[in-house]
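Residue-level structural notes
Single-letter residue listing:
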Amino acid sequence: MSHNPTRHALEIDAIPAFDDNYIWLLHRGGKHAAVVDPGDADPVLAALSARGLELRTILITHHHWDHAGGVPDLLRQYDAQVFGPHDERLGDWNQPCQEGDQIALPELNLHLEVLDVPAHTRSHIAFHGHGLLFSGDTLFSIGCGRFFEGTPEQMQRAMDKLRQLPAETEVYCGHEYTQSNCQFALAVEPDNPALQARYAEVLALRSAGRRTLPTTLGAELAANPFLRTREPSVIAAAQKQDPRAQPGSSTMATLRTWKDRS
Ligand code: ZN
Ligand code: FE
């Protein structure tokens with residue numbers, strides 16, 4: 001009997017790695033799988049064998065070792081295709097992709113589009129489709145990645161691009177940073193009720209040993225200061241740090257510097 005992925009729901013599991021990374025495991029119908037950002041091969045191999053899955057596709061959001069380091073070991077075990085950004089720091093196993101490219105995962109009946117979202121690294125990409133966003137280290141719940149190789153203007157453009165997606169989009173980030181991100185966000189917007197509610201939820205989840213992801217884009221728009229750099233309350237808080245902060249990228253720059261110091 002042939003494998004028909006359309007008859008089954010897509011499942012997305014979190015594979016914890018290192019201290020606070022998540023490797024996202026996608027599967028449908030119990031046969032084939034894809035992973036996003038496998039920084040470490042061992043927990044992926046264990047998760048695949050526990051579920052009897054065969055790895056077919058690997059998606060990489062950016063070249064950092066904690067997102068791409070497991071690829072060579074996975075390719076020793078599985079004949080998988082690897083899609084990542086145009087970046088010579090990835091191995092020759094990478095099939096480079098960029099904004100507008102469509103990645104077909106036929107065994108999972110998925111088609112994901114690539115978004116260019118540089119700032120954390122100069123070649124960072126995200127994957128979007130079917131109401132899902134894999135945002136790597138660009139968009140975190142209640143935070144964003146550090147600007148290691150990019151500018152506040154680039155992160156502002158990335159946030160402006162992501163905010164166009166439907167509010168119900170499920171956001172799968174690269175790290176469990178939500179609790180500490182909430183603590184910083186509350187310094188920015190102590191009176192934001194959506195943020196207060198998210199922090200209460202996050203504390204309850206974390207004390208129960210549960211993850212805070214995925215989040216939704218709508219929830220982030222209401223509470224994530226890095227998506228709110230044109231909100232008067234966020235601009236006013238930024239101006240207390242730097243009176244030159246204006247709506248958009250200068251508030252983005254001020255928030256990032258403030259958070260990096262705090
Ligand atoms: Zn990173
Ligand atoms: Fe990372």
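Note: the structure precedes this text.
Here we summarise the structure given alongside this text.

1. A look at the sheet that holds strand S5 (residues 81–85)
Read across the open sheet, the six strands follow the order S1-S2-S3-S4-S5-S6; overall the sheet is mixed. Edge positions in the sheet fall to strand S1 (10–17) and strand S6 (94–97), since each has one partner strand and no second. Put simply, the sheet's adjacent strands are angled 25 degrees from each other on average, direction ignored. For strand S4 (residues 54–59) and S5, the ladder comprises three bridges, and the chain directions are parallel. Residue pairing in the sheet places Ile-58 in a bridge with Val-82 of S5.

2. A closer look at the coordination of the zinc ion (ligand 1)
For a metal with four tetrahedral donors the ideal donor-metal-donor angle is 109.5 degrees, while six octahedral donors give ideal angles of 90 or 180 degrees. Protein coordination of the zinc ion (ligand 1) is provided by His-62 (NE2), His-64 (ND1), His-120 (NE2) and Asp-137 (OD), with donor distances spanning 2.2 to 2.3 Å. Geometry at the zinc ion (ligand 1) is irregular, judged from its four donor atoms and the angles of 88 to 173 degrees they form at the metal. In the primary structure, the donors to the zinc ion (ligand 1) are separated according to the pattern H-x1-H-x55-H-x16-D. A separation of 3.1 Å is found between the zinc ion (ligand 1) and the iron ion (ligand 2), which are bridged by Asp-137. With His-62 in the loop between S4 and helix H2 (65–68) and His-120 in the loop between strand S8 (110–116) and strand S9 (125–129), the pair connects residues that are 58 residues apart, well separated along the chain. Both residues of the pair, His-62 and His-120, count as buried.

3. As for the packing of aromatic side chains
If you walk through the whole model with that rule in mind, you get seven aromatic pairs. On the numbers, 5.2 Å between centres and 80 degrees between planes, the contact of Phe-184 with Trp-258 is edge-to-face. Residue Phe-184 is found in helix H5 (residues 178–188), and its partner Trp-258 is found in helix H9 (residues 249–261); the two are separated by 74 residues along the sequence. The pair Phe-184 / Trp-258 is uniform in exposure class, with both members buried. Members of the aromatic cluster, each reached through a chain of ring pairs, are Tyr-22, Trp-24, Phe-134 and Tyr-172.

4. Details of the pattern of salt bridges
Inspection of the entire model under this criterion finds 16 salt bridges. Put simply, Asp-160 and Arg-230 hold a salt bridge, and the shortest N to O gap is 2.9 Å. Within this pair, whereas Asp-160 is found in helix H4 (residues 152–162), its partner Arg-230 is found in the loop between helix H7 (217–223) and helix H8 (232–241), the two being separated by 70 residues in sequence. The salt bridge partner of Arg-244 is Asp-242, with a shortest N-O separation of 3.0 Å.

What counts, and at which threshold
- Residues numbered from 1 in each chain as written.
- Chains lettered and ligands numbered in written order.
- Predicted model: local features only at pLDDT ≥ 70, side-chain atom pairs only at ≥ 80, totals over all residues.
- Heavy atoms only, no water.
- Pairing = 2+ DSSP bridges.
- Helix = DSSP H or I, 4+ residues; strand = E, 2+ residues; numbered from the N terminus.
- Axes fitted to C-alpha atoms, helices over the stretch in contact; angles between N-to-C directions.
- Donors = N, O, S within 2.8 Å, 3.2 Å for Na, K, Ca; no water.
- Tetrahedral: all angles 85-135°; square planar, octahedral: opposite > 155°, others 65-115°.
- Buried < 20%, exposed > 50% of the residue type's maximum accessible area, 1.4 Å probe, protein only.
- Phe/Tyr/Trp six-rings, centres within 6.5 Å; stacked < 30°, edge-to-face > 60°.
- Salt bridge = Lys/Arg side-chain N within 4 Å of Asp/Glu carboxyl O.

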